[in-house]
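Listed below are the residues making up each chain.
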Amino acid sequence: MFDNISTKFSSIMKNLSGKGKITEKNIRDAVEDIKMSLLDADVNLRVVRKFINSTLEEALGEKVLLSVDPGQQFTKIVYDKMVALLGDESGQELKLKGKDTTSVILMMGLQGSGKTTTAHKLALKLTKEGRKVMLVAADLVRPAAITQLQVLGEKVGVRVFTIPGEKNPVKVATEAVKTARHELYDTVIIDTSGRMHLDDTLMKEIQDIAKAVNPDETLFVADAMTGQNAVTIAKEFEEKVGISGVILSKFDSDTRGGAALSLKSVVGKPIKFIGTGEKSEDLEAFHPDRIASRILG
Ligand code: GDP
């Protein structure tokens, strides 16, 4: 991810820093090149506009043009804007209650986005942190979803709650939370049904589940490969259900990175984790500063 944009950005920066003195035109040209690179990476138009305008405004200030090393000053501005675009370090942590009570995490997203896989990765991570985790199979739409979660749960040694034959996901979710409290589980992760596209019935279903279990975290899993579509859908989930954080799956794929660069800005919620592979351990905290450094080369 980001290989293309990173190559372009480092060439833009190298070009500027090679000049001893830089002019307003040099800056305008560099910002124009940055704009084209962001558009090529499939970044949301509104996000590009905001990024470009604020970079230009700051870079054209006297501080840059008159500084000893204007190229470096400019790079610093672009880096700071990129970190801000990706989210600052605050809000990355999961907001769960202490271990003396039960916290609920609701997983949401489109079918195929990596929701079920991510649920089990998160279960493993939280188990390693000393929490007692229960996974809940409340995706009753995709026929194989329950078995898939059972297999994944077994792999990481986490109990998977199901109610065989039950057709109502709200019932499964509420019964799971009740059982978890009774059996002293401190964390419940509910896998909900994915959808192929935005669907009113399924949106109502997830709203009903959220209302019934009052989750501590509502995590939207977005497939990095779907680009702008992921951004549009995240916005819809934010409006209808409310998102507390985003997990960007398939970060290991060779995509242009537009979704990653747009999500925080458009949805206004932090990217908390990235999925970096298909294995149970392939879930990492999202660090805006590291990603920004990677992009700037
Ligand atoms: P769901 O329909 O949203 O529950 O999606 P799944 O969890 O079934 O994932 C769909 C496919 O994406 C599966 O083949 C997963 O192995 C794969 N997948 C999920 N997360 C990642 C990731 O971070 N990296 C890669 N390479 N593949 C992933």
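Residues numbered from 1 in each chain as written. Predicted model: local features only at pLDDT ≥ 70, side-chain atom pairs only at ≥ 80, totals over all residues. Heavy atoms only, no water.

1. Brief notes about the sheet that holds strand E3 (residues 159–161)
Inference 1: Across the sheet, which stays open at both edges, the eight strands sit in the order E3-E2-E4-E1-E5-E6-E7-E8 with mixed pairing between neighbours. Edge positions in the sheet fall to E3 and strand E8 (283–285), since each has one partner strand and no second. When strand polarity is set aside, the average angle formed by the axes of neighbouring strands in this sheet is 25°.
Inference 2: Where strand E1 (residues 103–109) meets strand E4 (residues 187–192), five bridges bridge the pair, whose relative direction is parallel. By the bridge assignment for E4, Ile-105 is matched with Ile-189.
Inference 3: Contacts from helix H8 (residues 169–182) reach E1, strand E2 (133–138), E3 and E4 within the one sheet, and its direction differs from that of E2 by about 165°.
Inference 4: Each of E1 and strand E5 (217–223) is contacted by helix H10 (residues 228–240), which is oriented at about 160° to E5, the strand it contacts most. (Pairing = 2+ DSSP bridges. Helix = DSSP H or I, 4+ residues; strand = E, 2+ residues; numbered from the N terminus. Axes fitted to C-alpha atoms, helices over the stretch in contact; angles between N-to-C directions. Contact = heavy atoms within 4.5 Å.)

2. Remarks on the site of the ligand
Inference 1: In the neighbourhood of the ligand, 18 residues make up the surrounding shell, with Gly-112, Thr-116, Thr-117, Asp-252 and Glu-278 lying closest.
Inference 2: One of the side-chain N or O atoms of Thr-117 is found 2.5 Å from an oxygen atom in the ligand.
Inference 3: The contact in question runs from an oxygen atom of the ligand to an N or O atom on the side chain of Glu-278, over 2.7 Å.
Inference 4: Considering the ligand on its own, with 580 Å² of exposed area, one finds that the protein chains cover 81% of that surface.
Inference 5: Tallying contributions element by element places helix H6 (residues 115–128) first for the shell around the ligand, with four residues.
Inference 6: Its residues assigned to classes, the shell around the ligand shows one nonpolar, eleven polar and six charged. (Near = heavy atom within 4 Å. Polar contact = N/O pair within 3.5 Å; in protein donor to acceptor, adjacent residues only side chain to side chain. Areas by Shrake-Rupley, 256 points an atom, 1.4 Å probe, with all protein chains shown as cover. Nonpolar A, V, L, I, M, F, W, Y, C, P; charged D, E, K, R; others polar.)

3. A closer look at the packing of helix H1 (residues 3–17) against helix H12 (residues 288–296)
Inference 1: Taken N-terminus to C-terminus, the directions of H1 and H12 make an angle of 65°; their axes are 6 Å apart at the nearest point. Compared by their axis directions, H1 and H12 come out roughly perpendicular. Of the residues in H12, those touching H1 at Ile-5, Ser-6, Phe-9 and Ser-10 are Arg-294, Ile-295 and Leu-296.
Inference 2: Looking at side-chain class alone, the contact of H1 with H12 contains four nonpolar, two polar and one charged residues. (Parallel < 35°, antiparallel > 145°, perpendicular 65-115°, else oblique.)

4. Examining the environment of Asp-29
Inference 1: Tracing the backbone shows Asp-29 in helix H2 (residues 24–40).
Inference 2: Here Asp-29 falls in the partly exposed class, since its relative accessible area comes to 35%. (Buried < 20%, exposed > 50% of the residue type's maximum accessible area, 1.4 Å probe, protein only.)

5. Some words on H10
Since the α-helix advances by 3.6 residues per turn, residues separated by three or four positions end up pointing in the same direction.
Inference 1: End to end, H10 covers 19 Å across 13 residues, agreeing with the expected 18 Å (1.5 Å per residue, within 8%).
Inference 2: For H10, the full list of buried residues reads Ala-230, Val-231, Ile-233, Ala-234 and Phe-237.
Inference 3: Against the buried residues of H10 lie E1, helix H9 (200–213), E5 and helix H11 (258–267).
Inference 4: Taken from the residues just after H10, Gly-242 is the one with a positive phi, measuring 95°. (Expected span 1.5 Å × (residues − 1).)

The analysis is restricted to geometry; functional conclusions fall outside its scope.
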